[in-house]
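A look at the structure
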Amino acid sequence: MEDQPYAYRRRELTEPDWRRLPGWAAVTPAQWESAQWQRAHCVKNLRQLREVAGPGLSDAFLADAERDQREAATMSMLIPPQMLNTIAPSTGPGDGAAFTEAWYADPVRRYMLPVFSDRRPDWPSHPYAQRDSLHEAEMWAVEGLTHRYPTKVLAELLPTCPQYCGHCTRMDLVGNSTAQVTKHKLTMTRDDRLAAMLDYLTVTPGVRDVVVSGGDVANLPWPRLEAFVAALLEVESVRDIRLASKALMGLPQHWLADEVRAGMERVAGIARSRGVSLAIHTHVNSAQSVTPLVARAAAAMLAAGVRDVRNQGVLLRGVNDSPAALLDLCFALLDEARIMPYYFYLCDMIPGSEHWRLTLAEAQALQSAIMGYLPGFATPRMVCDVPYVGKRWVHQVARYDTVRGISYWTKNYRTGIEAGDDLALTREYPYYDPVHTLPEEGRAWWRDQEGALAG
Ligand code: SF4
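Residues numbered from 1 in each chain as written. Predicted model: local features only at pLDDT ≥ 70, side-chain atom pairs only at ≥ 80, totals over all residues. Heavy atoms only, no water.

**Quick look at the side chain of Asp172**
With respect to the element layout, Asp172 can be found in the loop between strand S3 (152-156) and helix H8 (190-202). When sequence neighbours within four positions are dropped, the list of residues in contact with Asp172 reads Arg131, Asp132, Lys183 and His184. (Helix = DSSP H or I, 4+ residues; strand = E, 2+ residues; numbered from the N terminus. Contact = heavy atoms within 4.5 Å.)

If you want it as structure tokens, here you go:
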């Protein structure tokens, strides 16, 4: 076989041994596989992190994380044991300084447990970074129901998740307030909001596709989620339902619970009998997150009758910004867990995300580099979620000023707020590369802009 830029080989999935961490030395497999145990032992603060990782994780690392929480974090800390256990999986506290070094370098740690020294001191945020950078709340048809595309909607059922990701695009609403960010609150009661969503869908037959999200649907009590999906299945015009849950990876124990499996079998059966596609969309960014338990959870959902389990990852610097990292992830998903690689998004322009974000050119290069290795149907598209536009394939850009790092995009449909906007389909919409990646001429231009914006 010729030398190839990427060498494919099957890799058996492994569940890292949680007993290597002092805080979990006595945890049994039965406890580990219990969703209840996992939820009760999530790491929510640095004291708990210290208890789990032990004294081998350096004080300097914990101080770095603490400074991040105080001065930069847009998401509070919440990491289920399942996810924490995949950080630096092949080292333990007995490895001395190498243990902390491995934590610093780890891809999962880089986005689930940000430290201050990860961030850009020069440009921590882009001048045009915004809370709710995709303007989803502006497009709410009813509270929590974003109607951005002609035929599909996003239903945010709840503002919590079993895990909080440092780069969360819904940092405006999702999770607990942090030292830097006071979260917005949904105002309607959950039952009223869900009823209003169903009412809207009933009178809006042009919508055929509903992304049921949050937050993460794994945080909705199963009977409530089942009732909502069952009600959606009563809406004649709804043909696609996708349940968004990072917890399929972060807390697979939830999706393996008997109640959830039995309930999914019921709704998947109704969906099948009505010819509706019910799928689960998850969010995995790194191959090491795909463990045997994740594969079992995906298999359980497929066995329960969902049409597909698909992955929507996020391109993040230091996490998955190489063709090999992406292909390793895609093959782990596809070969070992039967999860379909679907999208990789550019990280959205929320405050504090510059050290994670890639340029459009980098995403284009990654797209080109992974072509031809995976089956066409499982080759993920790299997409840019352009504010006021929606997802665009990275090679669809209309114009690209690489000196200032501004890409311009067009669209072929109106969002829910542009009914009377004659220019909506001809206007160009900008998206911005991280300033620190630009040539000096571009950085100087942005320094001037920033001065003007501040003035
Ligand atoms: S799981 Fe999704 S919604 Fe929840 S914090 Fe992570 S990115 Fe945000």
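Still more ground to cover, so stick around.
**Quick look at the site of the ligand**
What surrounds the ligand is the set Met75, Cys161, Gln163, Tyr164, Cys165, Cys168, Gly215, Lys246 and His283. Most atoms of the ligand, that is more than half of them, are within 2 Å of grid points of the largest pocket. Looking at the shell around the ligand residue by residue, the classes come out as 5 nonpolar, 3 polar and 1 charged. (Near = heavy atom within 4 Å. 1 Å grid on protein atoms, 1.4 Å probe; cavity = no way out; pocket = protein on both sides within 12 Å on 5 of 7 lines; lining within 4 Å. Sits in = over half its atoms within 2 Å of the grid points. Nonpolar A, V, L, I, M, F, W, Y, C, P; charged D, E, K, R; others polar.)

**Describing the sheet that holds strand S10 (residues 390-393)**
Pairing in this open sheet of 10 strands is mixed, and the strands run S1-S2-S3-S4-S5-S6-S7-S8-S9-S10 from one edge to the other. Looking along the sheet, the strands with just one partner apiece sit at the ends: strand S1 (140-142) and S10. Those strands touched by helix H14 (residues 323-337) are strand S7 (308-315), strand S8 (340-346) and strand S9 (381-386), and its axis lies near 145 degrees from that of S8. Strands in contact with helix H15 (residues 360-370) are S7, S8, S9 and S10; relative to S9, the strand with the most contacts, it is inclined by about 155 degrees. (Pairing = 2+ DSSP bridges. Axes fitted to C-alpha atoms, helices over the stretch in contact; angles between N-to-C directions.)

**A look at the environment of Arg242**
Of note, Arg242 is situated in strand S5 (residues 240-244). The sequence separation of Arg242 and Thr282 amounts to 40 residues, and the corresponding C-alpha distance is 9.8 Å. Discounting chain neighbours no more than four positions away, the residues touching Arg242 are Lys152, Asp209, Val210, Val211, Val212, Ala279, His281, Arg310, Gln312 and Tyr342. In terms of polar contacts, Arg242 uses its side chain to reach the side chain of Asp209, at 2.7 Å. (Polar contact = N/O pair within 3.5 Å; in protein donor to acceptor, adjacent residues only side chain to side chain.)

**Concerning the pairing of strand S6 (residues 277-282)**
In terms of burial, S6 is largely enclosed, as 6 of its 6 residues are buried. Two elements, S5 and S6, share 5 bridges in a ladder whose sense is parallel. In the strand pairing of S6, Ala244 is matched with His281. Of the strand pairs in this sheet, S6 and S7 are connected by 4 bridges, and their pairing is parallel. Opposite Thr282, over in S7, you have Asn311 as the bridge partner. As for the winding sense of the linkage, the β-α-β connection from S6 through helix H13 (residues 292-304) to S7 is right-handed. (Buried < 20%, exposed > 50% of the residue type's maximum accessible area, 1.4 Å probe, protein only. Right-handed = clockwise from strand over helix to strand, strands pointing away.)

**Considering the pairing of strand S4 (residues 209-213)**
For S4, the tally of buried residues reaches 4 of 5 residues, placing the bulk of the element in the interior. By the bridge criterion, 5 bridges tie S3 to S4 in an arrangement that is parallel. Bridged to Lys152 within S4 is Asp209. The β-α-β motif built from S3, the intervening H8 and the parallel element S4 has right-handed crossover chirality. One ladder, built from 4 bridges, connects S4 with S5; its direction is parallel. Its bridge partner lying in S5, Val210 is registered against Ile241. Once the chain exits S4 it traverses helix H9 (residues 222-233) before rejoining the sheet at S5, and the crossover so formed is right-handed.

**Details of the packing of helix H4 (residues 59-71) against helix H6 (residues 97-105)**
At their nearest, the axes of H4 and H6 sit 10 Å apart, and the two run at 25 degrees to each other. One element, H4, and the other, H6, form an angle in the roughly parallel class. For the pair formed by H4 and H6, the contact residues are Ala60, Phe61 and Asp64 on the first element and Thr100, Trp103 and Tyr104 on the second. (Parallel < 35°, antiparallel > 145°, perpendicular 65-115°, else oblique.)

**Structural notes on the packing of H14 against H15**
The interhelical angle for the contact between H14 and H15, taken along N-to-C directions, is 55 degrees, at an axis separation of 9 Å. As the angle between them shows, H14 and H15 are arranged oblique. For the element pair H14 and H15, the recorded crossing hand is right-handed. From H14, Pro323, Leu326 and Leu327 reach across to H15, where they touch Leu366, Ala369 and Ile370. (Left-handed = near helix turned anticlockwise from the far one by under 90°.)

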